[in-house]
Amino acid sequence: MPLQAGPAPAIYLEAAQHIGRQLCRDAIWCEQSCNWLSYSGEEQADARLPVRPYARALQQDLYSGLSGVLFFLNALRRVIQEPWLKKIQAGALQALLKMTENPTGSGMYAGTAGTAYVLITAGREMDNPQALQRGLELLRALAQRPSSENRLDLIDGSAGEILILLRMHRDFPNEQFLDTAITLGHWLVQAAVPQTMGKAWVTIEGARPLTGLAHGAAGIAHALQELYQETHIPAFLEAAEQGFAYEAGCYDVEAGNWPDFRSDVPELGQGLAPGEKPYCATAWCHGAPGIGLTRLRAWELTGKQAYLDEANQALKTTLETQQFEMMPNICLCHGLTGNADLFIEAARILKDPKWMEPARTVADWLYQKRVGESAALLSGIQTEYDLPDLMLGWSGVGYFFLRMHDVERFPSILYGCNLKKNRIMDITDLSDINMISFTQQQSNFIRT
């Protein structure tokens, strides 16, 4: 059945607090640090059988790790001042700091850039110089990484790192952050491969260049467009436009969507029969919702009608699938709340409040099921286990409720667009960070 609108928006903060209390209940403590158990799926030898879930401690990444949980707790603490929340926030921060002694991965969601962003946010909001310094050190280390280790996309590549570096450059005007972003941008420009229409990037070996925000042309082009806004280097804008043009050339008019070319890769357990068209996903990671976010932002920056037309088509397609039976999980990555983020951004960017209605429908349904009925709902790995993390589980749902509570105070985490100028301090030597007066810093800090 279609989702039905229900309670008034006043309950969204209550829902976010409810999720915060669940996280507090489920935390596992060791001295002054805490972490959570999550679940993952182990593929079986017979690919026809469902994956076998198993429990594991959260790692350090933003996507499905401890950074994502701390991101939500940081946000919740801006509006709820409770002792239990302060304690669990501090415990998660201590655990994350310990993990970053051995940083892993690349990208905004899967690697150190996203973790650095969370540490910096926690450090300046919790008056913790150690967290702030460690986050800045992790970003600085990106400049020393060999180019042979660079990856491409938003999830675990240079595109996501560029967005974090831009945000941190604007908060902390250190030219090294911008220089590193520019270096990564030039590398992305050089990695673009000419196509029949536009250019694109090969992010999965053996597949056509993917469309979409998480691993495809939309996410990379979006990052390059944001980099152009800061640097005005023409090569970045040209590559962004070429990436968007590639996706325009891939658009499936009949489906009203963009194809997911992973469906033509036998190594991924898929593969198409002769004459079969690629599958079109409808999720933040692949398909109309994520692509729609990038086109809304592109239209906001350029005013080009073509981008608005593509955004409107993405909105139409996403709205048509926004039913629980057609999107049977609650996560940000490929579920109800991630798709609803497109509607929130459409209302904000287009200044059209009608787009908040489908987002409210999702929020109200989730409130009724989780808070009202304590119902078990499917997570991003298609099980009813309560995952604590950001992109697959309840921290992401909690942040969605905070956005529904106050969209301006809680910007989208799904495409790194919160890049408005917000200068705080000039850092020329990171070794001096402990000498900064945090009392003075917080008096000047503009919370976003």
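These numbers come from a predicted model, not from an experiment.

Let's talk about the overall build of the protein chain
Link 1 in the chain: A tally of regular secondary structure across the protein chain gives 15 helices and six strands.
Link 2 in the chain: The buried share of the protein chain, taken over its 448 residues, is 58%.
Link 3 in the chain: Partitioning the contacts of the protein chain with sequence separation of at least 6, the portion at a separation of at least 24 is 67%.
Link 4 in the chain: Accessible surface computed for the protein chain: about 18100 Å², of which carbon and sulfur atoms make up 51%.

A few points about the pattern of salt bridges
Side-chain pairs of opposite charge can arise where the charged atoms are in close proximity.
Link 1 in the chain: This structure, assessed with the given rule, holds 25 salt bridges.
Link 2 in the chain: Among the salt bridges present, the one from R167 reaches D171, with a minimum N-O distance of 3.2 Å. Here the residue R167 and the residue D171 both occupy positions in helix α6 (residues 158-171), the gap between them amounting to four residues, near one helical turn.
Link 3 in the chain: In this structure R167 comes out as buried when scored by relative accessible area, which is 4%.
Link 4 in the chain: We note a salt bridge from R360 to E357, for which the minimum N-O separation is 2.4 Å. Here R360 and its partner E357 are both found in helix α13 (residues 356-372), three residues apart, which amounts to about one turn of the helix.

Side note on the nonpolar core
Link 1 in the chain: Among the nonpolar cores identified, the biggest contains 129 residues, and W36, L139, W284 and F401 are the most heavily contacted of them.
Link 2 in the chain: Beyond its immediate sequence surroundings of up to four residues, W36 is in contact with L23, D26, A27, R56, A57, L58, L66, V69, L73, I88, A92 and P388.
Link 3 in the chain: The next biggest cluster of nonpolar side chains, apart from the first, holds five residues, and it includes A218, W258, A288 and A314.

Digging into helix α8 (residues 217-231)
Link 1 in the chain: Given a rise of 1.5 Å per residue, 15 residues ought to cover 21 Å, and the 21 Å separating the end C-alpha atoms of α8 matches this to within 8%.
Link 2 in the chain: Extensive coverage of α8 is indicated by the burial of 14 of its 15 residues.
Link 3 in the chain: Downstream of α8 by one or two residues, H232 has phi in the positive range, about 60 degrees.

Remarks on the packing of aromatic side chains
Link 1 in the chain: Taken as a whole and judged by the stated rule, the model has nine aromatic pairs.
Link 2 in the chain: Centre to centre, the rings of F343 and W355 are 6.0 Å apart; their planes meet at 5 degrees, and the pair counts as stacked. Of this pair, F343 sits in helix α12 (residues 336-349) while W355 sits in the loop between α12 and α13; the two residues are 12 residues apart in sequence, bridging distant segments of the chain.
Link 3 in the chain: Take F343: its relative accessible area is 0%, and that puts it in the buried class.
Link 4 in the chain: When its relative accessible area of 12% is taken as the criterion, W355 is described as buried.
Link 5 in the chain: Site record: aromatic cluster; members linked through ring pairs are Y12, F400 and F401.
Link 6 in the chain: Positioned above the aromatic ring of W29, the side-chain terminus of K87 is 5.3 Å from the ring centre.

Quick look at unusual backbone geometry
Link 1 in the chain: A positive phi angle, close to 55 degrees, is found at D127, a residue other than glycine.
Link 2 in the chain: Note that D127 resides in the loop between α4 (112-125) and α5 (129-141).
Link 3 in the chain: Residue D127 is classed as partly exposed on the basis of its relative accessible area, which comes to 41%.

Here we look at the packing of helix α1 (residues 12-26) against helix α14 (residues 394-405)
Link 1 in the chain: Viewed as axis vectors pointing N to C, α1 and α14 meet at an angle of 155 degrees, and their least axial separation amounts to 8 Å. With respect to their mutual orientation, α1 and α14 come out roughly antiparallel. As for how α1 packs across α14, the hand of that crossing is left-handed. On α14, the residues that touch Y12, L13, A15, A16, I19 and L23 of α1 are W394, S395, V397, G398, F401, L402, M404 and H405.
Link 2 in the chain: Class assignment of the residues belonging to the contact of α1 with α14 gives a composition of 11 nonpolar, three polar and no charged.

Here's the deal with the side chain of Q322
Link 1 in the chain: Looking at where Q322 falls in the secondary structure, it is placed in the loop between α11 (305-320) and α12.
Link 2 in the chain: Here L336 takes part through its backbone oxygen, which lies 3.2 Å from a polar atom of the side chain of Q322.

Section: the confidence of the model for the protein chain
Link 1 in the chain: Model confidence for the protein chain is summarised by a mean pLDDT of 88, while 86% of its residues fall at 70 or above.
Link 2 in the chain: Note that residues 1-8 has pLDDT below 50 and, in this model, 17 contacts with residues that lie over four places away or in other chains.
Link 3 in the chain: In the model, residues 421-448 has pLDDT below 50 throughout and makes 60 contacts with residues more than four positions away in sequence or in other chains.

Observations concerning the environment of L296
Link 1 in the chain: Its location among the elements puts L296 in helix α10 (residues 288-302).
Link 2 in the chain: Residue class for L296 comes out buried when judged on its relative accessible area of 0%.
Link 3 in the chain: With 13 residues separating them in the primary sequence, L296 and D309 have C-alpha atoms 9.5 Å apart.
Link 4 in the chain: In contact with L296, not counting residues within four places along its chain, are A311, L342, E345, A346, I349 and L350.

A look at the environment of F401
Link 1 in the chain: Along the polypeptide, F401 turns up in helix α14.
Link 2 in the chain: Between the C-alpha atoms of F401 and A15, which are 386 residues apart in sequence, the distance is 6.6 Å.
Link 3 in the chain: Among residues more than four places away in sequence, those in contact with F401 are Y12, A15, A16, I19, A363, L366 and Y367.

Thresholds, definitions, all that
All residue numbers refer to positions counted from 1 along the written sequence of the respective chain. This being a predicted model, a pLDDT of at least 70 is required before a residue's local features are given, and a value of 80 or more before pairs of side-chain atoms are given or counted; all residues contribute to the totals for chains, interfaces and linings. Side-chain metrics in this entry use all non-hydrogen atoms of the structure; hydrogen atoms and water are not considered. Numbering of helices and strands starts at the N terminus; helices are DSSP runs of H or I of at least 4 residues and strands are runs of E of at least 2. The buried label applies to any residue whose accessible area, calculated with a 1.4 Å probe on protein chains only, is under 20% of its type's maximum; exposed applies above 50%, and partly exposed to all values in between. The contact definition used throughout considers only heavy atoms, calling two residues in contact when any of these lie within 4.5 Å. Only the protein chains shown count as cover for residues, and the accessible areas themselves come from Shrake-Rupley with a 1.4 Å probe. What makes a salt bridge here is a side-chain nitrogen of Lys or Arg within 4 Å of a carboxyl oxygen of Asp or Glu, nothing more. Here the nonpolar core consists of buried residues drawn from Ala, Val, Leu, Ile, Met, Phe, Trp, Tyr and Cys, with membership extended through side-chain atoms lying within 4.5 Å. Helix span is expected to be 1.5 Å times the residue number reduced by one. The aromatic pairing rule takes the rings of Phe, Tyr and Trp, using the six-membered ring of Trp, and pairs them if the centres are within 6.5 Å, calling planes under 30 degrees apart stacked, those over 60 edge-to-face and the rest tilted. Any Lys NZ or Arg CZ that is within 6 Å of a ring centre and within 35 degrees of that ring's normal is treated as a charge sitting over the ring. In this analysis an axis means a line fitted to C-alpha atoms, helices contributing only their contacting stretch, and an angle means the value between N-to-C directions, from 0 to 180 degrees. The labels follow the angle: roughly parallel below 35 degrees, roughly antiparallel above 145, roughly perpendicular from 65 to 115, and oblique for the rest. The sense of a crossing depends on the near helix, which, turned anticlockwise from the far helix by less than a right angle, makes the crossing left-handed and, turned clockwise, makes it right-handed. All residues other than Ala, Val, Leu, Ile, Met, Phe, Trp, Tyr, Cys, Pro, Asp, Glu, Lys and Arg, Gly among them, are scored as polar; the first ten of these are nonpolar and the last four charged. For the purposes of these results, a polar contact is taken to be a pair of N or O atoms within 3.5 Å, where, inside protein, one atom must be able to donate a hydrogen and its partner to accept one; residues adjacent in sequence count only when each atom of the pair is a side-chain atom. As a per-residue measure, pLDDT reflects the predictor's confidence and takes values from 0 up to 100.

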